[in-house]
Amino acid sequence: KAKKTGTSKLTLSSVQLSNPQSNAIPLVTESGNVEIGATSTLKPVTKVDKSIVVEVGADNVFNLHSFSFDLAYNAGLLEVLDVSEGDLLKRDGHQTTFGTPKVDASNGVITGITAERVKKEGVNASGVLARIEFKIWEGGAPKFSLRNSNLRDPNGNVVLVTPQDASVTVLASP
């Protein structure tokens with residue numbers, strides 16, 4: 001029996017900017033969708049002391065059962081406030097387990113962002129794998145980079161992906 005193979009892009013499917021009162025700050029991409037790796041600049045940009053939510057997603061994955069990855073970011077510009085699971089593995093109502101990521105604030109790396117479906121069956125879809133909320137401390141252009149990405153099917157076979165990086169421009173408060 002032939003196995004389905006292919007490549008799925010791992011993308012930053014959306015970035016939401018909000019102020020401390022949770023009011024949304026509108027943003028527009030300069031060149032279409034923001035992908036991890038596309039290094040698109042988002043504008044209008046947010047100010048220091050705001051927060052941003054980075055959603056790491058996967059597009060058109062086939063038979064996805066589990067994932068793990070690390071996310072690198074600019075430690076001098078950002079502080080991690082929260083890491084939570086996205087909806088992709090739960091898309092069809094199945095339960096999942098979400099790991100406990102570790103934040104290395106001095107080196108700007110979140111390790112062990114993991115999730116797995118409880119039922120031994122994969123999902124075919126696009127969606128959000130994880131959401132990471134950051135507080136912005138300094139103006140600049142923080143970059144986000146996926147490391148050690150590992151997506152698996154129910155049999156433990158690798159689901160091929162092409163990880164890409166992204167950046168956001170942040171203005172200092174006046």
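How each quantity is defined
- Residues numbered from 1 in each chain as written.
- Predicted model: local features only at pLDDT ≥ 70, side-chain atom pairs only at ≥ 80, totals over all residues.
- Heavy atoms only, no water.
- Helix = DSSP H or I, 4+ residues; strand = E, 2+ residues; numbered from the N terminus.
- Contact = heavy atoms within 4.5 Å.
- Areas by Shrake-Rupley, 256 points an atom, 1.4 Å probe, with all protein chains shown as cover.
- Buried < 20%, exposed > 50% of the residue type's maximum accessible area, 1.4 Å probe, protein only.
- Salt bridge = Lys/Arg side-chain N within 4 Å of Asp/Glu carboxyl O.
- pLDDT = per-residue confidence, 0-100.
- Pairing = 2+ DSSP bridges.
- Polar contact = N/O pair within 3.5 Å; in protein donor to acceptor, adjacent residues only side chain to side chain.
- Core = buried A, V, L, I, M, F, W, Y, C linked by side-chain atoms within 4.5 Å.
- Phe/Tyr/Trp six-rings, centres within 6.5 Å; stacked < 30°, edge-to-face > 60°.

1. Remarks on the overall build of the protein
Along the protein, the regular secondary structure elements total 0 helices and 16 strands. Long-range pairs, those at least 24 residues apart, make up 79% of the contacts in the protein with a sequence separation of at least 6. Carbon and sulfur atoms make up 47% of the accessible area of the protein, which amounts to about 8,800 Å² in all.

2. Considering unusual backbone geometry
With a phi close to 60°, N63 is a non-glycine residue in the positive phi region. Relative to the assigned elements, N63 resides in strand β6 (residues 51-64). One non-glycine residue, N148, adopts positive backbone phi at about 50°. As for its placement among the helices and strands, N148 is situated in strand β13 (residues 143-152). Look at N148 and you get exposed, because its relative accessible area is 59%.

3. Description of the pattern of salt bridges
Counting across every chain of the model gives 4 salt bridges. Across the pair R131 and E55 runs a salt bridge whose closest N-O atoms are separated by 2.7 Å. Here the residue R131 occupies a position in strand β12 (residues 123-136), and E55 occupies one in strand β6, the gap between them amounting to 76 residues. E55 sits in the buried class, given a relative accessible area of 6%. For D87, the salt bridge is made with R91, and the minimal N-O distance between the two is 3.4 Å.

4. A look at the confidence of the model for the protein
Across the protein, pLDDT averages 73, with 64% of residues at or above 70. For the protein, strand β3 (residues 28-29) is the element with the lowest average pLDDT, namely 36, and strand β10 (residues 102-104) is the one with the highest, namely 97. Note that pLDDT drops below 50 for residues 1-45; the model gives that stretch 119 contacts with residues more than four away or on any other chain.

5. Observations regarding the pairing of strand β7 (residues 66-72)
Within β7, 6 of the 7 residues are buried, leaving the element largely enclosed by the surrounding structure. Taken together, the 6 bridges between β7 and strand β11 (residues 109-117) define a ladder with antiparallel strand orientation. Opposite A72, over in β11, you have V109 as the bridge partner. Sheet topology places β7 next to β13; 6 bridges connect them, and they run antiparallel. Counted as the bridge partner of F67 is L151 from β13.

6. Concerning the environment of N148
Residues N148 and T111, spaced 37 residues apart in sequence, show a C-alpha to C-alpha distance of 9.0 Å. Ignoring anything within four residues of it in the chain, the contact list for N148 reads S68, F69 and D70. Side chain to side chain, N148 and D70 meet in a polar contact 2.6 Å long.

7. Notes on the nonpolar core
Judged by nonpolar contacts, the single largest core of 31 residues is most densely connected at L64, I132 and F134. Looking at this core element by element, the count peaks at 7 residues for β12. Leave out the neighbours within four places in its chain, and I132 touches I52, V53, V54, V56, L71, V80, D82, V83 and I110.

8. A look at the packing of aromatic side chains
Using the criterion set out here, one finds 3 aromatic pairs in the structure. Note on Y73 and F134: the rings are 5.1 Å apart at their centroids and 55° apart in plane angle, and the pair reads as tilted. You can see Y73 sitting in the loop between β7 and β8 (78-85) and its partner F134 sitting in strand β12, a full 61 residues away along the chain. Both rings, one in F134 and one in F144, keep their centres 5.3 Å apart while their planes meet at 50°; by these two values the pair is tilted. With a gap of 10 residues between them, F134 in strand β12 and F144 in strand β13 connect regions that are remote in the sequence. Through a chain of ring-to-ring contacts, the aromatic side chains of Y73, F134 and F144 assemble into a single cluster.

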